[in-house]
Amino acid sequence: MTTPHRTISTLSVTALAGAAWLCLSGAGALAASPQEERWDLLRDMYFSGRTVEDAGPLLSLEAPKRANDAAVVPIRIVTAPGSGVQVTAVHLIVDENPVPMAATFRFPHGDSPQAIDTRLRVNAYTNITAVAETSDGRLLRTTQFVKASGGCSAPALKNAQLAVARMGKMKLNLPDNIVAGKPLTAQLLISHPNYTGMQYDQLNHYFIPAHYVKTVAIRYNGAPVLDVQSDISMSEDPSIHFSLVPEEQGTLDVTAEDSNGRVFQESWPIRANSGS
Amino acid sequence: MAAAATFLRPSARAALAGVWLSVWLFGAAAPATADPLPVFEVAPGVFVHAGRHEETDATNAGDIANCGFVVGDDAVAVIDSGGSPIVGHRLREAIRAHTDRPIRYVVNTHMHPDHILGNVAFLPDQPDFVAHGNLQAALAARGEHYRQAFDAAVGAAAAAEVRIIPPTLAVADRLELDLGGRVLDLAAWSVAHSDNDLTVLDRRTKTLWAGDLLFMERAPAIDGSVLGWLRTLDALAAVPAARVVPGHGPPSSPWPDAAADLRRYLGRVVEGVREVQAAHGTIQQAVDTVAADEAPRWRLFESYNPRNVTAAFAELEWE
Ligand SMILES: [Zn+2]
């Protein structure tokens, strides 16, 4: 343990229900860069036995070069499906986090371009990786290196009490001018502490078990818009920007479930101006 | 973020003999000699060392925040212990140069490493480590992150002595510490700069130690709630103090005038973020524009304003 940046050998393996922890040892490091070594490990863990290609133009990822706030790192992924190739899902991975797989976004409309904005926790200097799945069974990868922020910016809750008090509350932000038939970008916010399993309950002297939003299903007039599977690398109060093509009258339904089995549901009517 | 395994019972004094996290089990032999930190007597018996307006690095060894001590007839209270074991040792030498009274308390104004990593230097004095009731939980979530950041910034040799010392005395609301003919009034605040801010008022000289509830000259960091911080500054303005010791800035300054710059800056952040959100702007747009004209007024502005705007953005979208 003399070089903590390379050797993380004491991670608790059992602390997190349903979350896979990585124990990575830097011993015996060869020529490959630490980022690529880490990726090899992640690829074997999440996509065992499959080839992962460079994404090229089908998938892009935007992340700040430096994480301004380690607890809230804004990320944008954009898919650009080509002729005959649908992008059906994107996995978002924070390579160096204890639970690297942050979220998987599944698109029912894989043939049209999708843009997703969300926010991640970033533990350390890390690659952020997006892997797209295509309808013809390929895996396409793109990465961005993100520098962690300064010493007192930790990927932890800022206001633990408030996070609990507000749990499950949702907000939908829509643009001011909505036109039927024209794609719009909406923002869904779900208040949840997304406990990592590394926060300590002082009163009772134990680590608060990981407790986080696990699935989010977004439906418009009953039809799927987006399905999200998420984990503790998502920021507290998960935020997701997604796109939607509104009709003149419609209802958006969101169902979220957390790792304790709590289900949160909310609906919003969306009125659009006539497109003609 | 490693090592969930070995938490010792934090209540026990005996915990001081051990460490919080198993990965920090290193030897902690005090250096044979440490240069006393230069301190300034801002009021009779109230001594302050002013940290540098820099990020922690190998040269400054974490000497980037204010720290100091108050001397009573019977005992000494340390208020913040500095940003590294080395700074802690140097602060202890400064105390020994001024008084031989026992060091009975080490007060931590909040969880940030630049204020607490000197704690280890005072273990031989067996003081009470005094902190806000939320500090221990906050450190449990961040301690390992702080240790790694310190290791990266200062180096493995200095980091080897780093220990996170659990508080032995937690302040839920108010607490008086009697140093002998001299009473310190401690007050625990709700979420503001952090969720564990603690202030100390020396009744005898009306000196208020504000911790990082007050930044001067150096750009502040919002690690709690910007709205909560503004509310706390309102309440703090009513504290009948003649002078204040900021967490960062000059050794002391008149109170409450000293908070004017901070209030203006935090107000600008709130106002600016609200404007961007009203126009459905993104975090990045807010980071690029909000409070930009404050830049010439603060050191390290480029390092902290983007982070503050990001944190405020996430907070304010729930209004
Ligand atoms: Zn601070």
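Conventions and cut-offs
Residues numbered from 1 in each chain as written. Chains lettered and ligands numbered in written order. Predicted model: local features only at pLDDT ≥ 70, side-chain atom pairs only at ≥ 80, totals over all residues. Heavy atoms only, no water. Helix = DSSP H or I, 4+ residues; strand = E, 2+ residues; numbered from the N terminus. Buried < 20%, exposed > 50% of the residue type's maximum accessible area, 1.4 Å probe, protein only. Contact = heavy atoms within 4.5 Å. Areas by Shrake-Rupley, 256 points an atom, 1.4 Å probe, with all protein chains shown as cover. Donors = N, O, S within 2.8 Å, 3.2 Å for Na, K, Ca; no water. Tetrahedral: all angles 85-135°; square planar, octahedral: opposite > 155°, others 65-115°. Pairing = 2+ DSSP bridges. Axes fitted to C-alpha atoms, helices over the stretch in contact; angles between N-to-C directions. Core = buried A, V, L, I, M, F, W, Y, C linked by side-chain atoms within 4.5 Å. pLDDT = per-residue confidence, 0-100. Polar contact = N/O pair within 3.5 Å; in protein donor to acceptor, adjacent residues only side chain to side chain. Parallel < 35°, antiparallel > 145°, perpendicular 65-115°, else oblique. Left-handed = near helix turned anticlockwise from the far one by under 90°.

J.: Let's hear about the overall build of chain A: which residues, and what values?
T.: Check the secondary structure of chain A and you find 2 helices and 17 strands. Burial analysis of chain A (276 residues in total) assigns 52% to the buried set. Partitioning the contacts of chain A with sequence separation of at least 6, the portion at a separation of at least 24 is 64%. Accessible surface, chain A as shown: approximately 11800 Å² in total, 51% of it carbon and sulfur.

J.: Talk me through the coordination of the zinc ion; I want residue IDs and the actual numbers.
T.: Residue and element names in this part refer to chain B. Those protein atoms acting as donors to the zinc ion are H110 (NE2), H112 (ND1), H193 (NE2) and D212 (OD), and they sit at 2.1 to 2.2 Å. Viewed at the metal, the 4 donor atoms of the zinc ion are separated by angles of 88 to 168°, and the geometry they form is irregular. Here the donor residues of the zinc ion are spaced in sequence according to H-x1-H-x80-H-x18-D. Taken together, the residues span a long stretch of sequence, with H112 in the loop between β5 (103-107) and α2 (113-116) and H193 in the loop between β9 (183-188) and β10 (198-202) at a distance of 81 residues.

J.: Got a sec to walk through the environment of V71(B)? Specific residues and values, please.
T.: Looking at where V71(B) falls in the secondary structure, it is placed in strand β3 (residues 67-71). Sequence spacing of V71(B) and R182(B) is 111 residues, and the spatial spacing of their C-alpha atoms is 8.3 Å.

J.: I'd love a proper account of the sheet that holds strand β8 (residues 174-178) of chain B, names of residues and values included.
T.: Residue and element names in this part refer to chain B. With respect to topology, 6 strands assemble into an open sheet ordered β8-β9-β10-β11-β12-β13, the strand pairing being mixed. At either end of the open sheet lies a strand with only one pairing partner, and these are β8 and β13 (253-254). Strand direction decides the pairing type here: β10 and strand β11 (residues 207-215), joined by 3 bridges, are antiparallel. Residue L201 lies in a different strand from β11, and its bridge partner there is L208. Against the sheet, helix α5 (residues 226-237) makes contact with β10 and β11, and its axis sits at roughly 165° relative to β11, the strand it touches most.

J.: Lay out the nonpolar core with the relevant residues and their values.
T.: Counting 53 residues, the largest nonpolar core has F105(A), L226(A), F242(A) and L252(A) as its most contacted members. When near neighbours in sequence (up to four residues on either side) are disregarded, L226(A) contacts F105(A), R106(A), F107(A), P108(A), I116(A), V216(A), A217(A), I218(A), R219(A), I240(A) and F242(A).

J.: An account of the sheet that holds strand β4 (residues 87-94) of chain A is needed here, citing residue identities and associated values.
T.: Residue and element names in this part refer to chain A. Strand order across the open sheet formed by 9 strands is β1-β8-β7-β4-β5-β14-β13-β16-β17, with mixed pairing between neighbours. The open sheet is flanked by β1 (52-54) and β17 (263-271), the only strands paired with a single partner. Put simply, the sheet's adjacent strands are angled 20° from each other on average, direction ignored.

J.: Describe in detail the confidence of the model for chain B, supporting the description with residues and values.
T.: Residue and element names in this part refer to chain B. Overall, the predicted model of chain B reaches an average pLDDT of 90, with 90% of residues at or above 70. Note that residues 1-32 has pLDDT below 50 and, in this model, 80 contacts with residues that lie over four places away or in other chains. ipTM for the predicted complex: 0.84, alongside a pTM of 0.87.

J.: Any details on the pairing of β10(B)? Residues and values, ideally.
T.: Residues and elements named next belong to chain B. Within β10, 5 of the 5 residues are buried, which leaves it mostly tucked inside the rest of the structure. Inspection of the sheet shows β9 paired to β10 by 5 bridges, in the antiparallel sense. Paired with A187 across the strands is T199, a residue of β10. Counted between consecutive antiparallel strands, the loop separating β10 from β11 contains 4 residues, among which K206 sits at a positive phi close to 55°.

J.: Give me the lowdown on the environment of D80(B), citing residues and values where you can.
T.: All names here are of chain B. In this fold, D80 is placed in the loop between β4 (76-79) and α1 (85-98). D80 sits in the buried class, given a relative accessible area of 2%. Excluding residues within four positions of it along the chain, D80 makes contact with N66, C67, G68, L91, V107, N108, T109 and H115. A polar contact of 2.7 Å, which involves the side chain of D80, links it to the side chain of T109.

J.: Explain the packing of helix α6 (residues 260-278) of chain B against helix α8 (residues 301-316) of chain B residue by residue, including any values.
T.: All names here are of chain B. The contact between α6 and α8 brings their axes to 10 Å, and the two run at 55°. Relative to α8, α6 is oriented oblique. Once α6 is placed against α8, the crossing between them reads as right-handed. Residues Y265, V269, V270, V273, V276 and Q277 of α6 lie in contact with α8, whose contacting residues are F301, N305, N308, V309, A312, F313 and L316.

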